[in-house]
Amino acid sequence: MTNVADLQPGESARIDRIDAEEALQQRLAALGFRQGKELQLVRKASFSGPLHVRIGTTDVILRVAEARRIQIQQ
Amino acid sequence: MKRVALLGMPNTGKSTLFNRLSGASARVGNWPGITVDLMSAKMLLGGHIAEIVDLPGIYDLHGFSDDEQVVRHFLAQHAVDLVLVVLNSTQIDRQLALALQLRALGLPAMLLLNMRDEARRAGIGIDEAAMSQALDMPVTQISAKYGDGCPQAIQEAARHLDRQQPPVSAERISELLRADTQIEQEMESIVRRTVQMPAQLDDRLTRRLDRLLLHPWLGLPLFFGAMYLLFQFIFTAGAPLQDGMAWLLDSIRSLALEPLLAGAPAWLNGLLLDGIYNGVGTVAAFVPIIILFFLVMTMVEDSGYLSRAAFLMDAAMAKMGLDGRGFVMMLMGFGCNVPALMGTRVMRSHNLRLLTMLAIPFSLCSARLQVFLFLTVILFTPQQAPLVLFSLYLMSFAAIFITAVLYKGRLRNDEPFILELPPYRFPTLRQIWQRGWQEARHFLHRASKFIIIGVVLVWALTNYPTDVPPASSGTIAGHIGEWLAPVLDPIGIDSQLAIALIFGFVAKEIVVGALAVIYGLQGDALMQLMGQQLDWVQGMSFMLFTLIYTPCLSTIATLKSESKSTGFMMLSIGWSLLLAWVISFIFYQSARALGF
């Protein structure tokens, strides 16, 4: 099983499942993170900082801890 | 009067629309049960007088963030005649859910598809009529930034208000919003039928800029460079404005107020001129800087660079329980703490905001710099002085760090760090100017009462009883100074310096002036005397204390109005006094123990 934090910059994947409590799940859903959606890891910040992810028409930054909750299929 | 609420996701241009509709008439409203400032304005909508309320940007009506709770509270407790839902047209495929949620609540709504200009450029086509039919609410495409479509939207809203229905409030919000998946399916179906959009937006400018500005090695240096330039701009342009303001206030005093009050009793004259007018004048001198700061901040915020800064700085700030945006505000605090505190409003989590606001007052602002420049010249050689100043800046960072680390456990924010990176946009001059002016007005409005009470108090302390010279040891302030001696002696601060510290509570700008009053000398004579009376260890201890204890009354007033909590304000004052004393104590006693 892999998650968004495992992706390398430039790689794309499809969302398989989001393992998060309701609040985080809703926040992610509102930004377009839903099962079956395609996303791309654009870049990672230095010093294990946040990840820059593109999903549909939206660019989002999120910390590694949150990215680990998003399970993907490559 | 009708009530119209503006609702939308963050970064949809909702506030831009609000500013366009309200013009200069916006004010901070007081809503029972609501803990954050909501802007509202009265305006004419067709034949109706309507109060427009700008609700905080939210992603979801039943989310758990502070803002989402505020919106729910508002809609449950205050009946509205119409909700204007503002969405970003380029993200309609996911944002439409908010309109559907609102409809599910049975609230009278109208949909405004904003950023029509960007959507057109991106090749997104929206069939307004079909969407209006599918949603069963009016739909209008607008550009809040340029004003296109806004007159039509206003007409449509007026037509809705004509229909004279009683206002509706939405109780039981969470019960009514159970069927999430249903809303999602409906959204997809409506978007499929009424919107044509490319799978990805081809925003080449944004991508190219990001490749440079978010570069793994270049990103941070560019960020610091940009911050340095902005900072330079604000204070290079602000200093002459501040001086001009001071000159203006001085002229008003000597040309108009002094002749006018010449016949008044001495105590009244002193209270009005030396107390209120001088104190308020010192604070009013902040206004040009606040306007400039917000002009620049509006540019930075609306351009989308703020979330990029958060991306770059987040790794370091996360360790202190803060986030990347907090860093930008702290840097701004090195100019002036007041607008930096106001700038923390971009943070959504209440605890994160409080932690950032607790740390910001330790930023060495330009007013404190004046005091340090004055004292370093007296006490140190020209070779030593820059090093002393540099060490004070380091101390400022250290105080921020200590505070954040100590309080991050208590002010824990479990809000996940997920931010949108909007495309780079360039705000119009109108947008920038409106914001700067609005913030300055609010600062004056909120701070004024508080500050008048403060300056009157300090004036009274240093002028009573009247049979001794002002600010001398015979006044109440002098007695307080003596009374504080057991506390201040161990850090090397004598009773004369203690009075200066009491003045410094109002504003650091008047500390040097206060020293002149206390020692009864000015200019070179004052410097000479102080050089004889103080040694460098005492002076340094005084500077450390001045750096760390409460910056000024304006900062306190802002802390209170921004946190809406007297307890938090007291915590900030108490903590900074304690930290100032402890650090000065450690410094003074170790320096003396080492034989200096």
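What comes next concerns the included structure.

What counts and what doesn't
Within each chain, residue numbers correspond to sequence positions counted from 1 in written order. Each chain is given a letter, starting from A, and each ligand a number, starting from 1, according to the order in which they appear as written. A pLDDT threshold of at least 70 governs which residues receive local features in this predicted model, and a stricter bar of 80 or more applies before side-chain atom pairs are shown or counted, although totals over entire chains, interfaces and linings include all residues. Heavy atoms throughout the structure, all of them, feed into the side-chain values; hydrogens and water do not. Secondary structure elements are defined from DSSP: runs of H or I of at least 4 residues count as helices, runs of E of at least 2 residues count as strands, and each element is numbered from the N terminus. For the radius of gyration, the atom set is restricted to C-alpha positions; the globular benchmark scales as 2.2 Å times the number of residues to the power 0.38. Note on exposure labels: buried denotes an accessible area under 20% of the residue type's maximum, exposed denotes more than 50%, and partly exposed covers the range between, all computed with a 1.4 Å probe on protein chains only. Any two residues whose heavy atoms approach within 4.5 Å are treated as being in contact. Surface accessibility in these figures is a Shrake-Rupley result with a 1.4 Å probe; residues are shielded only by whichever protein chains are displayed. This count recognises Lys and Arg as positive and Asp and Glu as negative, with His and chain-terminal groups excluded. Lys charges are placed at NZ, Arg charges at CZ, Asp charges at CG and Glu charges at CD. Pairing between strands is defined by DSSP: at least two bridges between the two strands are required. By the criterion used throughout, a crossover qualifies as right-handed when its path from the first strand across the helix to the second strand runs clockwise, the strands pointing away from the viewer. For this document, the term salt bridge refers to a Lys or Arg side-chain nitrogen within 4 Å of an Asp or Glu carboxyl oxygen. Each polar contact in these results corresponds to two N or O atoms within 3.5 Å; when the atoms are within protein, one needs to be able to donate a hydrogen and the other to accept it, and residues that are neighboring in sequence are counted only if both atoms are side-chain atoms. Within this scheme a cavity is a closed region of a 1 Å grid, computed over the protein atoms alone, that accommodates a 1.4 Å probe without allowing it to escape, whereas a pocket is open but has protein on both sides within 12 Å along at least five of seven lines; lining residues each have an atom within 4 Å of a point. Grid points are joined across faces, edges and corners, and a volume is the space filled by probe spheres set on the points. Under the scheme applied here, ten amino acids are nonpolar (Ala, Val, Leu, Ile, Met, Phe, Trp, Tyr, Cys and Pro), four are charged (Asp, Glu, Lys and Arg), and all others, including Gly, are polar.

1. A word on the overall build of chain B
Item 1. Secondary structure summary: chain B contains 27 helices and 10 strands in total.
Item 2. Computed over the C-alpha atoms, the radius of gyration of chain B is 27 Å, within 12% of the 25 Å expected from 2.2 N^0.38 for a compact globule of 596 residues.
Item 3. Counting only C-alpha atoms and orienting by the principal axes, one finds that chain B spans roughly 85 × 60 × 40 Å.
Item 4. Split into buried and exposed, the 596 residues of chain B put 56% on the buried side.
Item 5. Pairs at least 24 apart in sequence give 77% of the contacts found in chain B among residues at least 6 apart.
Item 6. A total accessible area of about 25,300 Å² is found for chain B, and carbon and sulfur atoms account for 62% of it.
Item 7. Positive and negative side-chain charges of chain B, numbering 44 and 46 respectively, have mean locations separated by a distance of 4 Å.

2. A short note on the pairing of strand E6 (residues 109–114) of chain B
Residue and element names in this part refer to chain B.
Item 1. The element E6 is largely enclosed, with a buried count of 6 among its 6 residues.
Item 2. A two-sided burial pattern is seen for E6, the buried positions comprising Ala109, Leu111 and Leu113 on one face and Met110, Leu112 and Asn114 on the other.
Item 3. In this structure, strand E5 (residues 82–88) lies alongside E6, joined through 6 bridges in parallel fashion. Residue pairing in the sheet places Val86 in a bridge with Leu112 of E6.
Item 4. Chirality of the crossover, the property in question, places the unit of E5, helix H3 (residues 92–104) and E6 among those that are right-handed.

3. Some details on the pattern of salt bridges
Item 1. Scanning the model with the defined rule gives 18 salt bridges over all chains in all.
Item 2. For Arg17 of chain A, the salt bridge identified is with Asp19 of chain A, shortest N-O distance 2.8 Å.
Item 3. Given the relative accessible area of 40%, Arg17 of chain A is considered partly exposed.
Item 4. Among the ionic pairs, Glu258 of chain B bridges to Arg253 of chain B, the shortest N-O distance being 2.8 Å.
Item 5. According to the relative accessible area criterion, Arg253 of chain B is buried, its value standing at 15%.
Item 6. Via salt bridges that share partners, Arg345, Arg353 and Glu562 of chain B belong to a single interconnected network.

4. With respect to the environment of Thr566 of chain B
Residue and element names in this part refer to chain B.
Item 1. Looking at the element boundaries, Thr566 is found in helix H27 (residues 566–593).
Item 2. Of the residues examined, Thr566 reaches a relative accessible area of 41% and is grouped as partly exposed.
Item 3. Once the C-alpha coordinates of Thr566 and Ile556 are considered, the two residues, 10 residues apart in sequence, prove to be 9.9 Å apart.

5. Side note on the side chain of Glu68 of chain B
Item 1. The topology assignment puts Glu68 of chain B in helix H2 (residues 66–77).
Item 2. Here the side chain of Glu68 of chain B touches Tyr59 of chain B through a polar contact of 3.4 Å, landing on its backbone nitrogen.
Item 3. When residues no more than four places from it in sequence are discounted, the contact partners of Glu68 of chain B are Arg27 of chain A together with Ile58, Tyr59, Asp60 and Gly63 of chain B.

6. Notes on empty space enclosed by the protein
Residue and element names in this part refer to chain B.
Item 1. Tallied over the entire structure, the rule returns 4 cavities of 30 Å³ or more.
Item 2. The space that makes up the largest cavity amounts to roughly 80 Å³.
Item 3. Of all the secondary structure elements, the ones that give two or more residues to the lining of the largest cavity are helix H1 (14–22), E6 and helix H6 (150–162).
Item 4. A per-element tally of the lining of the largest cavity places H6 first, with 4 residues.
Item 5. By residue class, the composition of the lining of the largest cavity is 12 nonpolar, no polar and no charged.

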